[in-house]
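Chain residues, written in single-letter form:
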Amino acid sequence: MNLKLKDILMVAICAVLFGVVYLGMTYFGSFLTTVLTPSGLGILGYEPVYGVWFMAAVFTTMVIQKPGVGVVTEMLAAILEVLMGNMFGPIIFISGFIQGIGSEIAFAAGKYKNYSYRTTITASVLCTVFTFIWTGVRQNYLTFEPGILVAIFMIRLASSILFCGIGSKLLADGLAKAGVLKAYPLGQKYLDFEEEA
């Protein structure tokens, strides 16, 4: 992976920050599940915020622009999330790996040189597909009504595109433009634009 010290520090910072956010979304999803359960739609409780759990991989890869950092950050964030009190336990570590893989494939397709919305949204779609398969195995989706399965997938996809595909890019680009990421490839790109202007 050939990471420098500054890259390792960024991965660590992102893992901690996103780990905290992820834990918050876990409890928020649990709240939504409780609210929706009386109507028989409790299974949809986590779906509106599912895309948040994909953000670390896309954000970190955009900033550092090296293979593997997305998966590593997702897995570290998952570990920290569990240590801070995620009720699902160590299986979240596997979820973090699966979430990161979707992002890695999208950036690898562009040889880690394309950081457009097209790439980040592709990453969000792949994350949705991979996690849908993973949660389908864990929760035995074969026993669900087709309408519920469609709802799960579509809500998760919308959440993923919004938070991961668009939100991660806006956050990374915004921090880069503000000069916060000038030590990293994404920040350097904006510095080069300013010098040319």
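Given the structure is predicted, the values throughout are model-derived calculations rather than measurements. (Residues numbered from 1 in each chain as written. Predicted model: local features only at pLDDT ≥ 70, side-chain atom pairs only at ≥ 80, totals over all residues. Heavy atoms only, no water.)

> Honestly, the nonpolar core in this entry has me stumped. Any pointers?
The nonpolar side chains of a soluble globular protein tend to be buried, and buried together. Formed by 33 residues in total, the largest nonpolar core has its most connected members in Val-63 and Leu-186. Of all the elements in the fold, those that place two or more residues in this core are helix 1 (5-36), helix 2 (55-64), helix 3 (69-83), helix 4 (91-109), helix 5 (117-139), helix 6 (146-177) and helix 7 (185-196). In terms of residues, this core owes the most to one element, helix 2, which gives seven residues. (Core = buried A, V, L, I, M, F, W, Y, C linked by side-chain atoms within 4.5 Å. Buried < 20%, exposed > 50% of the residue type's maximum accessible area, 1.4 Å probe, protein only. Helix = DSSP H or I, 4+ residues; strand = E, 2+ residues; numbered from the N terminus.)

> Hey, could you run me through the environment of Thr-122 in this one?
In this fold, Thr-122 is placed in helix 5. Put simply, Thr-122 and Gly-102 are 20 residues apart on the chain and 8.8 Å apart in space, counted from C-alpha to C-alpha.

> Looking at this structure, how should I read the UniProt feature "transmembrane region" (unreviewed entry) in the protein chain?
UniProt feature "transmembrane region" (unreviewed entry): in the numbering of this structure it lies at residues 7-28, 48-64, 76-98, 118-137 and 149-172. For residues 7-28, helix accounts for 100% and strand for 0%, while the C-alpha atoms at its two ends are 31 Å apart. In residues 76-98, the share of helix is 70% and the share of strand is 0%. The end C-alpha atoms are 13 Å apart. (UniProt positions renumbered as here; feature names shortened; annotations may be inferred.)

> I would appreciate a short explanation of the packing of aromatic side chains in the present structure.
The relation between two aromatic rings is expressed through the spacing of the ring centres and the mutual angle of the planes. Using the criterion set out here, one finds 11 aromatic pairs in the structure. Geometrically, the ring pair formed by Tyr-50 and Trp-53 is edge-to-face, given 5.2 Å between the ring centres and 80° between the ring planes. Comparing Tyr-50 with Trp-53 shows no difference in burial state: the two are buried. A centroid spacing of 5.1 Å and a plane angle of 45° characterise the contact between Tyr-141 and Phe-144, whose relative ring orientation is tilted. The exposure class assigned to Tyr-141 is buried, which follows from its relative accessible area of 6%. Assessed through its relative accessible area of 22%, Phe-144 is described here as partly exposed. Taken together through their ring pairs, the aromatic side chains of Tyr-46, Tyr-50, Trp-53, Phe-54 and Phe-88 make up a single cluster. Taking the ring centre of Tyr-184 as reference, the NZ or CZ of Lys-6 above it sits at 5.7 Å. We note Arg-156 situated over the ring of Tyr-50; from NZ or CZ to the ring centre the distance is 3.8 Å. (Phe/Tyr/Trp six-rings, centres within 6.5 Å; stacked < 30°, edge-to-face > 60°. Lys NZ or Arg CZ within 6 Å of the ring centre and 35° of its normal.)

> How should the packing of helix 3 against helix 4 be read in this particular structure?
Taken N-terminus to C-terminus, the directions of helix 3 and helix 4 make an angle of 155°; their axes are 8 Å apart at the nearest point. On the basis of the axis angle, helix 3 is roughly antiparallel to helix 4. Here helix 3 and helix 4 pass one another in a crossing that is right-handed. Between helix 3 and helix 4, the residues in contact are Val-69, Gly-70, Val-71, Glu-74, Met-75, Ala-78, Ile-79, Glu-81 and Val-82 and Ile-92, Phe-93, Gly-96, Phe-97, Gln-99, Gly-100, Ile-101 and Glu-104, respectively. Along the lines of polarity and charge, the residues of the contact of helix 3 with helix 4 split into 10 nonpolar, four polar and three charged. (Axes fitted to C-alpha atoms, helices over the stretch in contact; angles between N-to-C directions. Parallel < 35°, antiparallel > 145°, perpendicular 65-115°, else oblique. Left-handed = near helix turned anticlockwise from the far one by under 90°. Contact = heavy atoms within 4.5 Å. Nonpolar A, V, L, I, M, F, W, Y, C, P; charged D, E, K, R; others polar.)

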